[in-house]
Amino acid sequence: MTAIEQTQARPRGTRLPRRARREQLLGAAQEVFVAQGYHAAAMDDIAERAGVSKPVLYQHFPGKLELYLALLDQHCESLLQSVRGALASTTDNKKRVEATMDAYFAYVEDEGGAFRLVFESDLTNEPAVRERVDKVSLQCAEAISEVIAEDTGLAREQSMLLAVGLGGVSQVVARYWLASGSGVPRDTAVQLLTSLAWRGIAGFPLHGTDGHH
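Note that the structure is predicted; figures quoted are calculated from it, not measured.

## A look at the environment of Glu126
Right, so step 1: Locating Glu126 in the fold gives a position in the loop between helix 7 (115-119) and helix 8 (127-152).
Right, so step 2: Judged by its relative accessible area of 23%, Glu126 is partly exposed.

Printed below as a string of structure tokens:
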């Protein structure tokens, strides 16, 4: 059961173990932050959505920013693990590109809307938020660049440029796809984007060979 499902399932006043309560509060906070944005959201709204009193909420999180950062940490880690999992899912490089693209689409499509906290936050002027968003973007790019460098023999700086481009295109297109209400099915959208990216990446020969991927 997800944190949001826990939020929906628990009646007010139900006693929960501390870890389960924290997850429930994070689920309620996610719903409120995604719907209202950071600035418009209030701790009162989050407590009410979670079915707890404000003192209970403050027992777990000293303030709204700390609650937001806890959510951001959770969902940045989720994105990073998805990208790493996609890269590790196969040794076929074209399928790796496809899996990585799909990881971004799946992340954006998730019904909880957590991607908005990472890619569309209204709090990016807050250093702690900016640091986390920049860090996960860099970590995803580093994971991609390691594979590119290993397969092509390109220098780290060159591999990072390609990796930043691949990750950036993936998340921007995925967000557009969702926001536009595109009638293009997700798997078709991923295939189109993979074809575009692969035409460029396949131009680099495999390291230590004369052929292409």
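We are not done yet, so read on.
## Some remarks on the UniProt feature "DNA-binding region" (unreviewed entry) in the protein
Right, so step 1: Taking the UniProt record as the reference, the feature "DNA-binding region" (unreviewed entry) is found at residues 42-61.
Right, so step 2: Taken end to end, residues 42-61 is 75% helix and 0% strand, and its first and last C-alpha atoms sit 13 Å apart.

## Some points on the side chain of His75
Right, so step 1: In this structure, His75 sits in helix 5 (residues 64-88).
Right, so step 2: On the accessibility criterion, His75 (12% relative accessible area) is buried.
Right, so step 3: Residue contacts for His75: discarding those within four places in its chain leaves Gln30, Tyr107, Ala114, Leu117 and Val118.

## A look at the packing of aromatic side chains
Right, so step 1: Applying the stated criterion across every chain yields a total of 5 aromatic pairs.
Right, so step 2: On the numbers, 5.8 Å between centres and 20 degrees between planes, the contact of Phe33 with Tyr38 is stacked.
Right, so step 3: When the ring of Tyr38 is compared with that of Tyr68, the centres are 5.2 Å apart and the planes differ by 80 degrees; the resulting orientation is edge-to-face. One end of the pair, Tyr38, is in the loop between helix 2 (18-36) and helix 3 (43-50); the other, Tyr68, is in helix 5, and 30 residues separate them in sequence.
Right, so step 4: Overall, Tyr38 belongs to the buried group, its relative accessible area being 11%.
Right, so step 5: Take Tyr68: its relative accessible area is 2%, and that puts it in the buried class.
Right, so step 6: A cation sits over an aromatic face here: Lys64 above Tyr38, 4.3 Å from the ring centre.

## Section: the environment of Gly27
Right, so step 1: Relative to the helices and strands, Gly27 resides in helix 2.
Right, so step 2: Residues Gly27 and Leu71, spaced 44 residues apart in sequence, show a C-alpha to C-alpha distance of 8.7 Å.

## Here we look at helix 10 (residues 186-201)
Right, so step 1: Here helix 10 contains 16 residues, and its C-alpha end-to-end distance of 22 Å stays within 8% of the 22 Å for a straight helix at 1.5 Å per residue.
Right, so step 2: Those residues of helix 10 that sit buried are Ala189, Val190, Leu193, Thr194, Ala197, Trp198 and Ile201. Each buried residue of helix 10 sits inside an arc of 155 degrees when the element is viewed along its axis, so together they form one side. The exposed set on the far side of helix 10, more than 90 degrees from its buried face, consists of Leu192, Leu196 and Arg199.
Right, so step 3: Next to the buried residues of helix 10 lie helix 6 (93-109) and helix 9 (156-179).

Basis of the calculations
- Residues numbered from 1 in each chain as written.
- Predicted model: local features only at pLDDT ≥ 70, side-chain atom pairs only at ≥ 80, totals over all residues.
- Heavy atoms only, no water.
- Helix = DSSP H or I, 4+ residues; strand = E, 2+ residues; numbered from the N terminus.
- Buried < 20%, exposed > 50% of the residue type's maximum accessible area, 1.4 Å probe, protein only.
- UniProt positions renumbered as here; feature names shortened; annotations may be inferred.
- Contact = heavy atoms within 4.5 Å.
- Phe/Tyr/Trp six-rings, centres within 6.5 Å; stacked < 30°, edge-to-face > 60°.
- Lys NZ or Arg CZ within 6 Å of the ring centre and 35° of its normal.
- Expected span 1.5 Å × (residues − 1).
- Arc of directions from axis to C-beta.

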